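# Summary of structural features
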Amino acid sequence: MSPHHLHNRPTLPVAGEDHARLTIDLSALADNWRAMARRSGAARTAAVLKADAYGIGLEPAARTFHHAGARDFFVATPAEGAALRAALPDVRIYVLSGMWAGSERLFFEFDLVPVIVSEEQLVVFMAAIAESGDLPCVLHVDTGMNRLGLRVEDALALASDAARPASFSPIMLLSHLACADDPGHALNRQQLQRFRSVVAAFDDIDATLANSAGIFLGEDYHFTLTRPGIALYGGAAVNDVPNPMKPVVTAEARILQVREAKAGETVSYGASPLARDSRIAVAAIGYADGYMRSLSGAGVPLRKAGIEGASGVLHGRAVPLVGRVTMDLTHFDVTDLSPGSVRAGDFIELFGRTMPIEDVARAGGTIDYELLTGLGRRYERRYELVKK
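Residues numbered from 1 in each chain as written. Predicted model: local features only at pLDDT ≥ 70, side-chain atom pairs only at ≥ 80, totals over all residues. Heavy atoms only, no water.

Quick look at the environment of Asp161 now. Turning to its location among the elements, Asp161 is positioned in the loop between helix 8 (152-160) and strand 9 (172-174). For the pair Asp161 and Glu109, spaced 52 residues apart in sequence, the C-alpha separation works out to 31 Å. (Helix = DSSP H or I, 4+ residues; strand = E, 2+ residues; numbered from the N terminus.)

Structure representation (structure tokens):
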């Protein structure tokens, strides 16, 4: 092709290097924490920052919550706690996975509070404080989830053990609700009663039971500290009710090409057939970015079960995903949009302000937690203070 022909080719919109971007609304993040604090009543309200603050970035999320009023923070690992301490020197940081042999130094160096989850960890903790000095801890009690924590009977025995070392004096008891997202589930009340029995056995101690969904269960579940997670980030905490939280994360992908295809032709891996003449927007997003293959419009087991695939949003209109999601690319049917209204270089919303994240998660047979925490490294993250 001659240089003359190259100069006369149509020009595309000016494009940056970003093929996918996340816009994080820090105002909504702060508003969601304040909303959960109001729902928590007299209880203090923490913020959960696991998994890089549910995928949005630990430091900006932590500073936003702190500015809104949070002083208690939960992370999963001591490494997360150390990173958080660098951002917030004056807060209390609880490590949910507890202390294990080899991790002790991080707790003392960064002033982290381990959540003791087993008798084995209790041994490690007692040895650590005998060697290095005082350190507060939280005792995790399993009230019905069978995941982490001492069994109720073991916690009660520990509380009444006259031989318990005076150096072991937890500052708080913690348990986790298994079915709080289903308010009518019988296990919620059972766990509440079991937890109350342990709290009563320890003298004058703080207690935390309610995650995001637990806060919605009401005052009985709040105790002295609540610890919201997914609700802070705009996710739906309770099943089958409207989500009252503000969307925080908007994920978008750049359209690389808009192409025409005839009815009967096929699209993507597995050759999904097209039922009509179509215009297809090919977006730079795929399962390498956490946009899961199960969201595909065809060729995955969920579609055989009669569950529709995901949609994106372009120019205020929902556009369905067609064919299979691939590692780096996904196809959307834009036939019903005005010809010429969709161009290479445009961005399609995957979820966020106009496409609820819980709807996308449902199409993929999962929950919004997984979508957020699975966001890949190829997104450009933009932090905004959006005025409502």
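Of the volumes computed, that of the largest pocket is approximately 990 Å³. Along its surface, the largest pocket is lined by 41 residues, and Asp181, Asn211, Ile230, Ile367 and Tyr369 are the ones closest to its centre. Where the lining of the largest pocket is concerned, the elements lending two or more residues are helix 3 (50-54), helix 10 (212-216), helix 12 (357-363) and helix 13 (368-373). Here the lining of the largest pocket is built from residues that sort into 22 nonpolar, 11 polar and 8 charged. A volume near 220 Å³ is recorded for the second largest pocket. Of all the secondary structure elements, the ones that give two or more residues to the lining of the second largest pocket are strand 14 (272-273) and strand 17 (317-322). No other element matches strand 17, which puts 3 residues into the lining of the second largest pocket. Within the lining of the second largest pocket, the residues separate by chemical class into 9 nonpolar, 5 polar and 2 charged. (1 Å grid on protein atoms, 1.4 Å probe; cavity = no way out; pocket = protein on both sides within 12 Å on 5 of 7 lines; lining within 4 Å. Points joined across faces, edges and corners; volume = space filled by probe spheres on them. Nonpolar A, V, L, I, M, F, W, Y, C, P; charged D, E, K, R; others polar.)

Scanning the model with the defined rule gives 5 aromatic pairs in all. Their ring planes at 15° and their centres at 4.5 Å tell us that Tyr54 and Tyr233 sit as a pair that is stacked. Of the two residues, Tyr54 is situated in helix 3 and Tyr233 in the loop between strand 11 (225-226) and strand 12 (249-261); the sequence distance between them amounts to 179 residues. An identical accessibility class is assigned to Tyr54 and Tyr233; each is buried. Here the aromatic rings of Phe65 and Tyr233 are separated by 5.9 Å at their centres, their planes lie at 85°, and the arrangement is edge-to-face. Remark: Tyr233 occurs in the loop between strand 11 and strand 12 and Phe65 occurs in helix 4 (residues 58-68); sequence separation between them is 168 residues. (Phe/Tyr/Trp six-rings, centres within 6.5 Å; stacked < 30°, edge-to-face > 60°. Buried < 20%, exposed > 50% of the residue type's maximum accessible area, 1.4 Å probe, protein only.)

To continue, consider empty space enclosed by the protein. All chains considered together, the criterion is met by 1 cavity of 30 Å³ or more. Taken as a whole, the largest cavity spans an internal volume of roughly 30 Å³. Together, His140, Asp142, Thr143, Met145, Arg147, Leu148 and His176 line the largest cavity. Tallied by class, the residues present in the lining of the largest cavity amount to 2 nonpolar, 3 polar and 2 charged.

Under the defined criterion, the tally for this structure stands at 19 salt bridges. One salt bridge in this structure joins Arg21 and Glu252, with 2.8 Å as the shortest N-O distance. In this pair, Arg21 sits in strand 1 (residues 20-25) while Glu252 sits in strand 12, placing the two residues 231 residues apart along the sequence. Its salt-bridge partner being Arg63, residue Glu59 comes within 3.2 Å of it at the nearest N-O pair. Residue Glu59 and its partner Arg63 are located together in helix 4, separated by 4 residues, close to a single helical turn. A relative accessible area of 42% places Glu59 in the partly exposed class. Here Arg63 falls in the partly exposed class, since its relative accessible area comes to 42%. A network of salt bridges, in which partner residues are shared, links Asp18, Arg254, Glu380 and Arg382. (Salt bridge = Lys/Arg side-chain N within 4 Å of Asp/Glu carboxyl O.)

What follows covers the side chain of Ser212. Assignment of secondary structure puts Ser212 in helix 10. Reaching out from Ser212, the side chain makes a polar contact with the backbone nitrogen of Ile230 at a distance of 3.4 Å. (Polar contact = N/O pair within 3.5 Å; in protein donor to acceptor, adjacent residues only side chain to side chain.)

Counting buried residues in helix 5 (residues 78-87) gives 7 out of 10 residues, a clear majority hidden from the surface. Among the residues of helix 5, Pro78, Glu80, Gly81, Ala82, Leu84, Arg85 and Ala87 are the ones counted as buried. Packed against the buried residues of helix 5 are helix 3, helix 4, strand 4 (72-75), strand 5 (92-95), helix 6 (104-109) and strand 6 (112-116). (Contact = heavy atoms within 4.5 Å.)

Looking now at the packing of helix 4 against helix 5. For the pair helix 4 and helix 5, the least separation of the axes is 10 Å and the interaxial angle reads 55°. Considered as vectors, helix 4 and helix 5 are oriented oblique to each other. Relative to helix 5, the crossing made by helix 4 is right-handed. Note on element contacts: helix 5 touches helix 4 through Glu80, Ala83, Leu84 and Ala87, opposite Leu58, Glu59, Ala62 and Arg63. Here the contact of helix 4 with helix 5 is composed, by residue class, of 5 nonpolar, no polar and 3 charged. (Axes fitted to C-alpha atoms, helices over the stretch in contact; angles between N-to-C directions. Parallel < 35°, antiparallel > 145°, perpendicular 65-115°, else oblique. Left-handed = near helix turned anticlockwise from the far one by under 90°.)

Relative to the elements of secondary structure, Arg293 occurs in the loop between strand 15 (278-283) and helix 11 (301-304). By relative accessible area, which is 38% here, Arg293 ends up partly exposed. It is 8.3 Å that separates the C-alpha atoms of Arg293 and Met327, two residues lying 34 residues apart in sequence. Not counting residues up to four positions away in its chain, the partners in contact with Arg293 are Tyr287, Gly299, Val300, Arg324 and Val325.

The subject of this paragraph is helix 4. Considered for burial, the residues of helix 4 that qualify are Leu58, Ala61, Ala62, Thr64, Phe65, His66 and Ala68. Close packing links the buried residues of helix 4 with helix 2 (26-39), strand 3 (47-48), helix 3, strand 4 and helix 5. Gly69 sits one or two positions beyond helix 4 and adopts a positive phi of about 130°.

Moving on, we get to the confidence of the model for the protein chain. On average, residues of the protein chain score 93 in pLDDT, and 95% of them reach the 70 mark or higher. Overall, residues 1-16 carries pLDDT values under 50, and its contacts beyond four positions in sequence, including any with other chains, amount to 8 contacts. (pLDDT = per-residue confidence, 0-100.)

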